Amino acid sequence: MKIDVNFIPDEGMVVREGIKSSELELDTEVFRFSGPIRAEAQVSRITNAVTVHLKLEVKAHGICCRCLNDFEADFSKKIDLNYPVEDLSSTIDLNPDIREELILDYPINPLCKADCRGLCAKCGKNLNDAECNCK
Ligand SMILES: [Zn+2]
Ligand SMILES: [Zn+2]
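Overview of the structure.

Definitions and cut-offs
- Residues numbered from 1 in each chain as written.
- Chains lettered and ligands numbered in written order.
- Predicted model: local features only at pLDDT ≥ 70, side-chain atom pairs only at ≥ 80, totals over all residues.
- Helix = DSSP H or I, 4+ residues; strand = E, 2+ residues; numbered from the N terminus.
- Buried ≥ 20, exposed ≤ 12 C-beta atoms within 10 Å, placed from the backbone.
- Contact = placed C-beta atoms within 7 Å.
- Pairing = 2+ DSSP bridges.
- Axes fitted to C-alpha atoms, helices over the stretch in contact; angles between N-to-C directions.
- Core = buried A, V, L, I, M, F, W, Y, C linked by C-beta atoms within 7 Å.

Moving on, we come to the overall build of the protein chain. Looking only at helices and strands, the protein chain has two helices and six strands in total. The secondary structure elements of the protein chain, listed N-terminal to C-terminal, are β-β-α-β-β-β-β-α. Its C-alpha atoms put the protein chain at 70 × 20 × 20 Å along the principal axes. Each of the 135 residues in the protein chain was classed as buried or not, and the buried ones make up 15%. Within the protein chain, residue pairs in contact and separated by at least 24 positions form 62% of the contacts whose partners lie at least 6 positions apart.

And the structure:
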């Protein structure tokens, strides 16, 4: 997502864009975004600074680290960003900041649900489905 400083009207503007997660190089083996990241930016310029209120929404696909099941999750985040402007003809690229913000929330050990019971260490049964007979 790029913003051309020169095109920001006095009253501000809203920019919507779908960003491919592959463009941000965010995907890992156990967690990736499915579909584009829907970004909505409220942009305004105050003399020498540009403020961006950003809303990100995306569907995520993960593999639970406890039960190894696939799961889908909704992922959303609101961010406020500020950029100093020295040159009115400049372009602001939001992608590096979007990437950084998403990485902060990226799960290292994704869980299908917070209280996932995982697999039995003995028989490998998924304990979310049913109890097994192991002692
Ligand atoms: Zn799980
Ligand atoms: Zn068992």
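The subject of this paragraph is the pairing of strand β4 (residues 49-63). Pairing geometry for strand β3 (residues 31-46) and β4, over 13 bridges, is antiparallel. Counted as the bridge partner of R38 is E57 from β4. Taken together, β3 and the strand that follows it, β4, pair antiparallel across an intervening segment of two residues, in which T47 is found at a positive phi of about 35 degrees. The pairing of β4 with strand β5 (residues 70-84) spans 15 bridges and is antiparallel. When the sheet's bridge partners are listed, T51 is paired in β5 with N82. Taken together, β4 and the strand that follows it, β5, pair antiparallel across an intervening segment of six residues, in which L68 is found at a positive phi of about 65 degrees.

Attention shifts here to the sheet that holds β3. The sheet built from four strands is open, its strands ordered β2-β3-β4-β5 with antiparallel pairing. Taken across any chain shown, the strands that pair with only one partner, and hence form the sheet edges, are β2 (13-19) and β5. On average, each strand axis in the sheet is inclined to that of its neighbour by 15 degrees, with strand direction left out of account. Across the face of the sheet, helix α2 (residues 95-104) comes into contact with β2, β3, β4 and β5 while running at roughly 130 degrees to β5.

With that out of the way, let us pick up the nonpolar core. Among the nonpolar cores identified, the biggest contains 16 residues, and M1, I37, A39, A41, L56 and I98 are the most heavily contacted of them. Elements with a minimum of two residues in this core: β3, β4 and α2. Tallying contributions element by element places β3 first for this core, with five residues. Residues within four places of L56 in sequence aside, it is in contact with I37, A39, S76, K77 and I98.

In short, the description is geometric, and any link to function would need to be established separately.
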